[in-house]
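# Fold and contact review
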Amino acid sequence: LLSFPTFGTLIAGDHGLGYVLDVFDLPRSGVSADWLANGLTLWNTHLTAGNALLAQVGSFVTPDVAIGLIVGPFGAYAIVAWLTAVVAGLSMHLFLRDSLRLSTAAVIGGATIYLFGFWHYAYGLSAIAAPLLFWLIDRAVVPAPGRWRFILGGAVIGAFLCYDGISQVVILFAGLQLGY
């Protein structure tokens, strides 16, 4: 949580560098309205600095946009930033502990490093939950009662990562997943 731009935003609020320059540069909730007004386009300069909307943003109503309707954009940013850190640390912890069977010190160290890593707001959960998918696959392939929960969990999380993540990151981690 001390990584840039999260720390600056938490300290300076909506005057923080990450908030002003990066986080809310892409008003995803207005994409549909802009398409109605200006026509369907994949390279929309009305909403962003010319980003390819479908290539960069997997969804138009992401968790931060939905939460922002309730608590406002800064509150949504803070909640999603903290959620991102929790999911990163927890997913790496489970993977290192149960899949790789590392020592307790290595598990805590690896999960802490992953938790405090810089996770860009636009990535969504696509990169940070990859270890969780690896862990779910390890649990799903072991013949045991109730393994259908791990299969279902992997499918649900995989679908959510495709929905709430940058497509390039999802494809990269899907390749790593397949190799794993």
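Here we summarise the structure given alongside this text. None of these values were measured; they are calculated from a predicted model.

### Some thoughts on unusual backbone geometry
Most peptide bonds take the trans form, and the phi angle of most residues other than glycine is negative. Located in the positive-phi region is R101, a residue other than glycine, with phi close to 55°. One can find R101 in the loop between α6 (73–99) and α7 (104–115).

### Some thoughts on the environment of W82
Topologically, W82 is positioned in helix α6. Residue classification places W82 among the partly exposed positions, given a relative accessible area of 43%. With 33 residues separating them in the primary sequence, W82 and L115 have C-alpha atoms 9.8 Å apart.

### So, the side chain of S99
You can see S99 is positioned in helix α6. A polar contact of 2.4 Å, which involves the side chain of S99, links it to the side chain of D138. With near-sequence residues (within four places) excluded, S99 lies in contact with L94, F134, W135, D138 and Y180.

### As for the packing of aromatic side chains
Under the counting rule described, the total for this entry stands at two aromatic pairs. Consider the rings of F95 and F134, whose centres lie 5.6 Å apart with planes at 55°: the pair is tilted. Highlighted residues: F95 in helix α6 and F134 in helix α8 (residues 130–141), separated in sequence by 39 residues. Assessed through its relative accessible area of 11%, F134 is described here as buried. Where W135 meets F150, the ring centres are 5.8 Å apart and the plane angle is 85°; that geometry is what we call edge-to-face. With W135 in helix α8 and F150 in helix α9 (residues 148–163), the pair connects residues that are 15 residues apart, well separated along the chain. Judged by its relative accessible area of 14%, W135 falls in the buried class.

### Examining α6
Between its terminal C-alpha atoms α6 stretches 37 Å, which fits the 39 Å expected from 27 residues at 1.5 Å a residue. Downstream of α6 by a residue or two, R101 has a phi angle that is positive, lying close to 55°.

### Focus: the environment of F134
Measuring from C-alpha to C-alpha, the distance between F134 and M92 comes to 9.6 Å, with 42 residues separating the pair along the chain. Not counting residues within four places of it along the chain, the set of residues in contact with F134 comprises F95, S99, L176, Q177 and Y180.

### A look at the packing of helix α5 (residues 63–71) against α6
At a minimum axis separation of 7 Å, α5 and α6 run at an interaxial angle of 130°. For the element pair α5 / α6, the angle class is oblique. Helix-helix and strand crossings are classified by hand; for α5 and α6 the assignment is right-handed. Here α5 contributes D64, I67, G68 and V71 to the contact with α6, which in turn contributes P73, G75, A76, I79 and V80. Taken together, the residues of the contact of α5 with α6 break down into six nonpolar, two polar and one charged.

Procedures and definitions
- Residues numbered from 1 in each chain as written.
- Predicted model: local features only at pLDDT ≥ 70, side-chain atom pairs only at ≥ 80, totals over all residues.
- Heavy atoms only, no water.
- Helix = DSSP H or I, 4+ residues; strand = E, 2+ residues; numbered from the N terminus.
- Buried < 20%, exposed > 50% of the residue type's maximum accessible area, 1.4 Å probe, protein only.
- Polar contact = N/O pair within 3.5 Å; in protein donor to acceptor, adjacent residues only side chain to side chain.
- Contact = heavy atoms within 4.5 Å.
- Phe/Tyr/Trp six-rings, centres within 6.5 Å; stacked < 30°, edge-to-face > 60°.
- Expected span 1.5 Å × (residues − 1).
- Axes fitted to C-alpha atoms, helices over the stretch in contact; angles between N-to-C directions.
- Parallel < 35°, antiparallel > 145°, perpendicular 65-115°, else oblique.
- Left-handed = near helix turned anticlockwise from the far one by under 90°.
- Nonpolar A, V, L, I, M, F, W, Y, C, P; charged D, E, K, R; others polar.

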